[in-house]
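Architecture and fold: a report
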Amino acid sequence: MTCNHAVAYSCRMDEVFRALADENRRLLLDRLFARNGQTLSELATALPISRQAVAKHLAVLEGANLVSTVRRGREKLHYLNPLPIAEIVRRWVGKFEDARLEAFIDFKDHVEKRRA
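Residues numbered from 1 in each chain as written. Predicted model: local features only at pLDDT ≥ 70, side-chain atom pairs only at ≥ 80, totals over all residues. Heavy atoms only, no water.

1. A few points about helix α2 (residues 23–34)
Here α2 contains 12 residues, and its C-alpha end-to-end distance of 16 Å stays within 8% of the 16 Å for a straight helix at 1.5 Å per residue. Those residues of α2 lying buried are Asn24, Arg25, Leu28, Leu29 and Leu32. Projected down its long axis, α2 carries its buried residues within an arc of 145°, all on one side. Seen from the buried face of α2, the exposed residues on the opposite side, beyond 90 degrees, are Glu23, Asp30, Phe33 and Ala34. The N-cap of α2, judged by a side-chain oxygen 2.8 Å from the amide nitrogen of Asn24 a few residues on, is Asp22. (Helix = DSSP H or I, 4+ residues; strand = E, 2+ residues; numbered from the N terminus. Expected span 1.5 Å × (residues − 1). Buried < 20%, exposed > 50% of the residue type's maximum accessible area, 1.4 Å probe, protein only. Arc of directions from axis to C-beta. Polar contact = N/O pair within 3.5 Å; in protein donor to acceptor, adjacent residues only side chain to side chain.)

2. Focus: the nonpolar core
Residues Val16, Leu28, Leu29, Val54, Leu58, Leu61 and Leu66 are the most contacted members of the largest nonpolar core, which totals 19 residues. For this core, the elements supplying multiple residues, two or more each, are α1 (3–20), α2, α3 (40–44) and α4 (51–63). For this core, the element with the most residues is α1, which contributes 4 residues. Contact partners of Leu28, with chain neighbours within four places excluded, come to Leu43, Leu47, Val54, His57, Leu58 and Leu61. (Core = buried A, V, L, I, M, F, W, Y, C linked by side-chain atoms within 4.5 Å. Contact = heavy atoms within 4.5 Å.)

Right, dumping it as structure tokens:
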């Protein structure tokens, strides 16, 4: 891994974490998870913020590569991109999960040795 790649990866992850830090953006991602391919108007319904605020939040999500868009005529459809979240899980959650599993295996081995 070169330094440039590491810096690019870090910057990209920073954008993802910043995007996920806002509750309204997480709500938008949840709505896209439930039904992908929604318009701005569809996403703005039943949210406690203005349509303009939803548009700004979607722009942040798109900048973090968490949402991609496709134009269909006059409509702009928004789609969830789960890859950045999967990278977070692999890099941050996964390594802690592995350590926890190792601790369970060590504990199991210790208990089995005491029984023998």
